[in-house]
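# Summary of structural features
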Amino acid sequence: MMNVYHVARRELKAGFRNPWAYSFMALFSVFSLSLLLINSQNVVQGYSGATGTMLSLILYLLPLMTLFLGSFSLTAEKEEGSWQLLSTYPLGTLSFLAGKYVGLASVLLAIVAFGYGVMGVAGALFGKGFERNTYMLFFAFSVGLVLLFLAVALIVGSLAKNRWQALTIAVAIWFFAVIGWPTLLIAALGLLPYLWAKPALLILTMCNPAELVRLFVVVKLGGGSILGPEYYRWIQWIDEPGGTLLFLAVCAVWVGLAMLGSYFIWERGRTRG
């Protein structure tokens, strides 16, 4: 546990010295104010066309930002030789990756919190802020995207040998998970027999962190009816009293499996030198 703490503390210091972090903080702050401007033109409460647009905008930015910062942090350890030095200490791979995850998550969540803080203060000053429940769900949506895509970023950083490889893999994952997902989903389900469609939809949705978090927030905002009959059971379990806890458990399992995947990839590279 102490090893995890020391790695996380080291990553936290490095993260706030990284100019990329401040660039993304400025970008996300401007982005948050843009969302506030959209809201001021048509005050948002619950799910609406404006809410859906804002969720999509967040979905475009945050996963890409998280994939970049997370994967670049791991590949930098390889390129700069820091990992070779750290591996001479009694530091396990799992402790190293867990510390990286905690440290990077702290940096990214600080960026998100700052952006939403700017949005909240500006909204309070001008009297055009979001309705409280909507504001909290937007924040939860952003946090969920960061935590899940950071786990994916660890896998990317473990696979890539340098920043260019990490950049290529990260952009490809972002494109397929966010931009190309509807087309890929329709194409994949169209190839399957009808009876297999719903189980396949469940599995494929669970494999895409962006879609998993988006569905949860849309249903919580009251927009479950737009999802269609295929998602009826999703709406049921999310709306149940224990739906939020179940969703958090699914996210925890998702992060845990991604962490184990990163561990095995990193260990394989470590044993091969």
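First, a word on what this report is: a plain description of the structure on this page. Bear in mind that the values here come from a model prediction, so they are computed numbers and not experimental data.

### As for the overall build of the chain
What the chain contains, in helices and strands, is 12 helices and 0 strands. The N-to-C order of helical and strand elements in the chain reads α-α-α-α-α-α-α-α-α-α-α-α. Every one of the 273 residues in the chain was classed for burial, and the buried ones make up 45%. Long-range pairs, those at least 24 residues apart, make up 77% of the contacts in the chain with a sequence separation of at least 6. With the model as given, the accessible surface of the chain reaches about 14,000 Å², and the carbon-plus-sulfur share is 69%.

### Side note on the packing of helix 6 (residues 132-159) against helix 10 (residues 209-220)
Closest axis-to-axis distance for the helix 6/helix 10 pair is 9 Å, and the angle between their directions is 165°. When the axes of helix 6 and helix 10 are compared, the pair comes out roughly antiparallel. Considering only the axes of helix 6 and helix 10, their crossing is right-handed. On the side of helix 6, the interface is formed by L137, F141, G144, L145, L148, F149 and V152, while helix 10 contributes P209, A210, L212, V213, R214, V217 and K220.

### Re helix 7 (residues 163-179)
Relative to the 24 Å expected for 17 residues at 1.5 Å per residue, helix 7 spans 23 Å between its end C-alpha atoms, a close match to the ideal helical length. Here helix 7 has its buried residues at A166, A170, W174, A177 and V178. The buried residues of helix 7 all sit within an arc of 80° when viewed along its axis, so they share a single face. Seen from the open side of helix 7, the exposed residues pointing more than 90 degrees away from its buried face are W164 and T168. For helix 7, the capping residue at the N-terminal end is N162, with a side-chain oxygen 3.1 Å from the backbone nitrogen of W164.

### Overview of the nonpolar core
Counting 74 residues, the largest nonpolar core has F28, I58, L62, I111, F141, L145 and V217 as the members making the most contacts within it. Every element with two or more residues in this core is listed here: helix 2 (19-41), helix 3 (49-79), helix 5 (93-126), helix 6, helix 7, helix 10, helix 11 (232-239) and helix 12 (243-271). Top element by residues in this core is helix 6. It accounts for 13 residues. The contact partners of F28, leaving out residues within four places of it in the chain, are L61, L62, I111, V112, G115 and Y116.

### Quick word on the pattern of salt bridges
Inspection of the entire model under this criterion finds 4 salt bridges. The salt bridge partner of E11 is K100, with a shortest N-O separation of 2.6 Å. You can see E11 sitting in helix 1 (residues 2-17) and its partner K100 sitting in helix 5, a full 89 residues away along the chain. As far as burial versus exposure is concerned, E11 and K100 are alike and both buried. Here E211 makes a salt bridge to R214, at a shortest N to O gap of 2.9 Å.

Criteria and cut-off values
- Residues numbered from 1 in each chain as written.
- Predicted model: local features only at pLDDT ≥ 70, side-chain atom pairs only at ≥ 80, totals over all residues.
- Heavy atoms only, no water.
- Helix = DSSP H or I, 4+ residues; strand = E, 2+ residues; numbered from the N terminus.
- Buried < 20%, exposed > 50% of the residue type's maximum accessible area, 1.4 Å probe, protein only.
- Contact = heavy atoms within 4.5 Å.
- Areas by Shrake-Rupley, 256 points an atom, 1.4 Å probe, with all protein chains shown as cover.
- Axes fitted to C-alpha atoms, helices over the stretch in contact; angles between N-to-C directions.
- Parallel < 35°, antiparallel > 145°, perpendicular 65-115°, else oblique.
- Left-handed = near helix turned anticlockwise from the far one by under 90°.
- Expected span 1.5 Å × (residues − 1).
- Arc of directions from axis to C-beta.
- Polar contact = N/O pair within 3.5 Å; in protein donor to acceptor, adjacent residues only side chain to side chain.
- Core = buried A, V, L, I, M, F, W, Y, C linked by side-chain atoms within 4.5 Å.
- Salt bridge = Lys/Arg side-chain N within 4 Å of Asp/Glu carboxyl O.

All quantities given are derived from atomic positions and should not be read as evidence of function.
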